[in-house]
Amino acid sequence: MATPLTSALGLALPVLAAPMAGGPGTPALVTAATRAGGLGFLAGGYKSPEALTDEIAVMAATGLPFGVNLFAPNPVPVDPARLPPVHGPAGGRGGSLRGQPRRQDAA
């Protein structure tokens, strides 16, 4: 399936197997995604440098292309009182969000 993404990355399919932070992203999964025609990514967000180095070495040994998913948390505290309200039109599609905004942490 030819798309700008597949052409730019040399993929057979426009599929990126990208984990969220510390989610599934083992070398076996990355290898399977890439061999299926997509592009797999290792999960590196919560791994130690040593663990990530080991997984990168495993992937490098396959000779397959792969990516590494990293993130950089915001070190600056955010004051929720300074954020704009979350209610009002939903994406300009005529709907609205009902109820009071809630704050949920992923802890």
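Here's what I pulled together on the structure shown here. (Residues numbered from 1 in each chain as written. Predicted model: local features only at pLDDT ≥ 70, side-chain atom pairs only at ≥ 80, totals over all residues. Heavy atoms only, no water.)

**What about the pairing of strand 2 (residues 39–43)?**
Next up, step 1: For strand 2, a buried count of four out of five residues is recorded, marking the element as mostly surrounded by other parts of the structure.
Next up, step 2: Pairing between strand 1 (residues 16–17) and strand 2: two bridges, direction parallel. Bridged to Ala17 within strand 2 is Gly40.
Next up, step 3: Bridge count for strand 2 against strand 3 (residues 67–69) is three bridges, and the pairing is parallel. In the sheet register, Leu42 faces strand 3, and the bridge partner there is Val68.
Next up, step 4: The β-α-β motif built from strand 2, the intervening helix 3 (residues 49–62) and the parallel element strand 3 has right-handed crossover chirality. (Buried < 20%, exposed > 50% of the residue type's maximum accessible area, 1.4 Å probe, protein only. Helix = DSSP H or I, 4+ residues; strand = E, 2+ residues; numbered from the N terminus. Pairing = 2+ DSSP bridges. Right-handed = clockwise from strand over helix to strand, strands pointing away.)

**Regarding the sheet that holds strand 2**
Next up, step 1: Here we have three strands laid out as an open sheet, ordered 1-2-3, and parallel in their pairing. Whereas interior strands pair on both sides, the edge strands pair on one side only; in this sheet they are strand 1 and strand 3.
Next up, step 2: Taken strand by strand, helix 2 (residues 27–35) contacts strand 1 and strand 2, and its axis lies near 165° from that of strand 2.
Next up, step 3: In this fold helix 3 packs onto strand 2 and strand 3, with an angle of close to 160° to the strand it touches most, strand 2. (Contact = heavy atoms within 4.5 Å. Axes fitted to C-alpha atoms, helices over the stretch in contact; angles between N-to-C directions.)

**Focus: the packing of helix 2 against helix 3**
Next up, step 1: The N-to-C vectors of helix 2 and helix 3 enclose an angle of 30°; their axes lie 10 Å apart at closest approach. As far as their axial angle goes, helix 3 and helix 2 are roughly parallel. The handedness of the crossing between helix 2 and helix 3 is right-handed. Together, Pro27, Val30 and Thr31 of helix 2 and Glu55, Val58, Met59 and Thr62 of helix 3 make up the contact between the two elements. (Parallel < 35°, antiparallel > 145°, perpendicular 65-115°, else oblique. Left-handed = near helix turned anticlockwise from the far one by under 90°.)

**Re the side chain of Thr6**
Next up, step 1: Structurally, Thr6 is set in helix 1 (residues 4–9).
Next up, step 2: Residue Thr6 is classed as buried on the basis of its relative accessible area, which comes to 4%.
Next up, step 3: A polar atom in the side chain of Thr6 sits 3.2 Å from the backbone oxygen of Met1.
Next up, step 4: Here Thr3 takes part through its backbone nitrogen, which lies 2.7 Å from a polar atom of the side chain of Thr6.
Next up, step 5: In contact with Thr6, not counting residues within four places along its chain, are Met1, Leu11, Ala12, Leu13 and Pro14. (Polar contact = N/O pair within 3.5 Å; in protein donor to acceptor, adjacent residues only side chain to side chain.)

**Overview of helix 2**
Next up, step 1: Within the span of helix 2, buried status applies to Pro27, Val30, Thr31, Ala33 and Thr34. Down the axis of helix 2, the smallest arc covering the buried residues is 165°, so these residues share one side. Turned more than 90 degrees off the buried face of helix 2, the exposed positions are Ala28 and Arg35.
Next up, step 2: Buried-residue contacts for helix 2 involve strand 1, strand 2 and helix 3. (Arc of directions from axis to C-beta.)

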